[in-house]
Amino acid sequence: MVFCLENEEPRLRLRSAMVHFQASEVQQLLHNKFVVILGDSIQRAVYKDLVLLLQRDSLLTAAQLKAKGELSFEQDQLVAGGQLGELHNGTQYREVRQFCSGSGHHLVRFYFLTRVYSEYLEGVLEELTYGPAPDLVIINSCLWDLSRYGRCSMESYRENLERVFVRMDQVLPDSCLLVWNMAMPLGERVTGGFLLPEMLHFLTQLQPLAGSLRRDVVEGNFYSATLAGDHCFDVLDLHFHFRHAVQHRHRDGVHWDQHAHRHLSHLLLTHVADAWGVELPKRDYPSGQPFPPHEFFNYNSTEDFSMSSHLGCGPGVNFVPGPLPPPVPGPIPHGQHRGPVVHRGMPRCAPNSPYHVPRMGGPCRQRLRHSDRLIHTNKLDRQPPAHSGTWPG
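It should be emphasised that the depicted structure is a prediction, and the values quoted were computed from it without experimental measurement. (Residues numbered from 1 in each chain as written. Predicted model: local features only at pLDDT ≥ 70, side-chain atom pairs only at ≥ 80, totals over all residues. Heavy atoms only, no water.)

Enquirer: So, the overall build of the protein: which residues are in play, and what are the values?
Expert: Counting secondary structure elements, the protein contains 11 helices and nine strands. Carbon and sulfur atoms provide 54% of the accessible area of the protein, an area that totals close to 19100 Å². (Helix = DSSP H or I, 4+ residues; strand = E, 2+ residues; numbered from the N terminus. Areas by Shrake-Rupley, 256 points an atom, 1.4 Å probe, with all protein chains shown as cover.)

Enquirer: Lay out the pattern of salt bridges with the relevant residues and their values.
Expert: Taken as a whole and judged by the stated rule, the model has nine salt bridges. The salt bridge partner of arginine 56 is glutamate 74, with a shortest N-O separation of 2.9 Å. Taken as a pair, arginine 56 in the loop between α2 (41-53) and α3 (62-66) and glutamate 74 in the loop between α3 and β2 (77-81) lie far apart in primary sequence, 18 residues in all. Through salt bridges with shared partners, a single ionic network connects Arg44, Lys48, Glu70, Asp76, Glu95 and Arg97. (Salt bridge = Lys/Arg side-chain N within 4 Å of Asp/Glu carboxyl O.)

Enquirer: Residue-level account of the packing of aromatic side chains, with values.
Expert: By the definition in use, this model includes eight aromatic pairs. Where phenylalanine 110 meets phenylalanine 112, the ring centres are 6.4 Å apart and the plane angle is 80°; that geometry is what we call edge-to-face. When its relative accessible area of 0% is taken as the criterion, phenylalanine 110 is described as buried. Put simply, the rings of Tyr47, Tyr93, Phe110, Phe112 and Trp144 touch in pairs and so form one group of aromatic residues. If you follow lysine 33 out to its NZ or CZ, it ends over the ring of tryptophan 276, 5.0 Å from the centre. Taking NZ or CZ as reference, arginine 94 lies 4.1 Å from the ring centre of tyrosine 120, over its face. (Phe/Tyr/Trp six-rings, centres within 6.5 Å; stacked < 30°, edge-to-face > 60°. Buried < 20%, exposed > 50% of the residue type's maximum accessible area, 1.4 Å probe, protein only. Lys NZ or Arg CZ within 6 Å of the ring centre and 35° of its normal.)

Enquirer: Any chance you could break down the sheet that holds strand β6 (residues 177-181) for me, citing the residues and the numbers?
Expert: Reading across from one edge, β2-β3-β4-β1-β5-β6-β7 is the order of the seven strands in this open sheet, with mixed pairing throughout. Edge strands, defined here as strands with exactly one partner in the open sheet, are β2 and β7 (234-236). Across the sheet, the mean angle from the axis of one strand to that of its neighbour is 20°, orientation sign disregarded. Where strand β1 (residues 33-39) and strand β4 (residues 106-112) come together, seven bridges link them in parallel fashion. When the sheet's bridge partners are listed, leucine 38 is paired in β4 with tyrosine 111. Relative to β4, α2 is tilted by about 165°, and along the sheet it contacts β1, β3 (95-100), β4, β5 (136-139) and β6. (Pairing = 2+ DSSP bridges. Axes fitted to C-alpha atoms, helices over the stretch in contact; angles between N-to-C directions. Contact = heavy atoms within 4.5 Å.)

Enquirer: Describe the confidence of the model for the protein, naming the residues involved and giving the relevant values.
Expert: On average, residues of the protein score 75 in pLDDT, and 62% of them reach the 70 mark or higher. Per-residue pLDDT stays below 50 along residues 287-295; that stretch engages in 15 contacts with residues further than four places along the chain or on separate chains. Confidence over residues 301-365 falls short of pLDDT 50; this stretch has 148 contacts with residues more than four positions distant or in other chains. (pLDDT = per-residue confidence, 0-100.)

Enquirer: So what's going on with the side chain of lysine 48? Which residues, and what values?
Expert: Mapped onto the elements of the fold, lysine 48 is located in helix α2. A polar contact of 2.9 Å, which involves the side chain of lysine 48, links it to the backbone oxygen of alanine 67. Lysine 48 has contacts with Leu60, Gln64, Ala67, Glu70 and Phe73, leaving out every residue within four places of it along the chain. (Polar contact = N/O pair within 3.5 Å; in protein donor to acceptor, adjacent residues only side chain to side chain.)

Enquirer: How would you summarise helix α4 (residues 119-130) if you had to cite specific residues and measurements?
Expert: Counted at 1.5 Å a residue, the expected span for α4 with its 12 residues is 16 Å, and the 17 Å between its end C-alpha atoms agrees. Elements that come into contact with the buried residues of α4 comprise β1, β4 and α6 (153-171). (Expected span 1.5 Å × (residues − 1).)

Enquirer: Explain α6 residue by residue, including any values.
Expert: For the α-helix, the turn length of 3.6 residues means that residues three or four positions removed from each other point alike. Between its first and last C-alpha atoms α6 spans 26 Å; for 19 residues at 1.5 Å apiece the expected length is 27 Å, and the two agree. The set of residues buried in α6 consists of Ser153, Met154, Tyr157, Asn160, Leu161, Val164, Phe165, Val166, Met168, Asp169 and Val171.

Enquirer: An account of the packing of α4 against α6 is needed here, citing residue identities and associated values.
Expert: Here α4 crosses α6 at 15°, and the two axes come no closer than 11 Å. The orientation of α4 relative to α6 falls into the category roughly parallel. Considering how the two elements wind past one another, α4 and α6 form a crossing that is right-handed. Facing Leu121, Glu122, Leu125 and Thr129 of α4, the residues of α6 in contact are Val164, Arg167, Met168 and Val171. Among the residues making up the contact of α4 with α6, the classes are represented as five nonpolar, one polar and two charged. (Parallel < 35°, antiparallel > 145°, perpendicular 65-115°, else oblique. Left-handed = near helix turned anticlockwise from the far one by under 90°. Nonpolar A, V, L, I, M, F, W, Y, C, P; charged D, E, K, R; others polar.)

Enquirer: Provide a residue-level description of the pairing of β6, including the pertinent values.
Expert: Within β6, five of the five residues are buried, leaving the element largely enclosed by the surrounding structure. Side chains of β6 alternate between two faces, with Leu177, Val179 and Asn181 and Leu178 and Trp180 buried alike. As defined by bridge partners, β5 adjoins β6 across four bridges and the pair is classed as parallel. If you follow isoleucine 138 over to β6, its bridge partner there is valine 179. For β6 and β7, the ladder comprises three bridges, and the chain directions are parallel. Residue pairing in the sheet places valine 179 in a bridge with aspartate 234 of β7.

What follows is the structure in structure tokens.
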């Protein structure tokens, strides 16, 4: 159940029509696609689960989730940083990984970020400018930004969010789908490796400071979702989706188990498929398979993340796949696989989130580049007032 407002009657949580993907379907969805994932250790786990799901229907092990900077993971390659350099928890830590399938039809790359916008990110964007253009970019950075960069971290985070979305607008091609993954909910006690030793001491000893970081994440999520919407980028509200899945969060209060990450992959791939207009299979929950059970979410009143009143958040939107186009008729030749049926457009959505993202729920259209929006706005300003009389004839 969800309690949205004070003194409101509890109501059952709405469930999205999420699809449980099989490896063969992920291979089809991402056929001839270049996927770039940027972010912290949670986003690295997103990368790892996607790489594994591109190869077989199995879950990550606890050791694979915990490992960082290893030379190889499930046929991928460490390109830079990690064990090729120095393993540490500083803000200058780097890790670049890449997976290319044996068929050559799937390319997935991961960049570790300790700040949402920096000189290092500019270098990454330069690589994406002169290399192959990505078809899908998945990005998040929040915990490092809010905990490792001084007292004015929230103000800096807001400024850097605006910078990164402007730069993504300038660098990414219009055909590229960018999905901003909102930060996942923190536990009551936080002991993640991104924390400085002195801050870790305070957070483990003083409950108010741990609660402050949790609230900062909610506030940061609000700003990031709003700015991403302003720039016509997609938003996946992981904080909302996982706020009652506390039994799948690790004891450090930050990271999540393999079931949570497979659930996350299904949410992400469902969102991507809908944004691309790809028809998805309709099936019941695969009993006996290594996926989260239907009791994945267990409501715990102590883990309810309500929004602060000063943020001014009302009921917003949460992604729910709508009707999908029919498959292309005709037989499939022996030994061949039909590629996904793609119809460009915006994802559909339904009310079900504490965040209001203006972009989602609007009419289906191509994302305007930042410069195009400036020209479009200038043209609107110069238009004569609307006709208010009676049209002739």
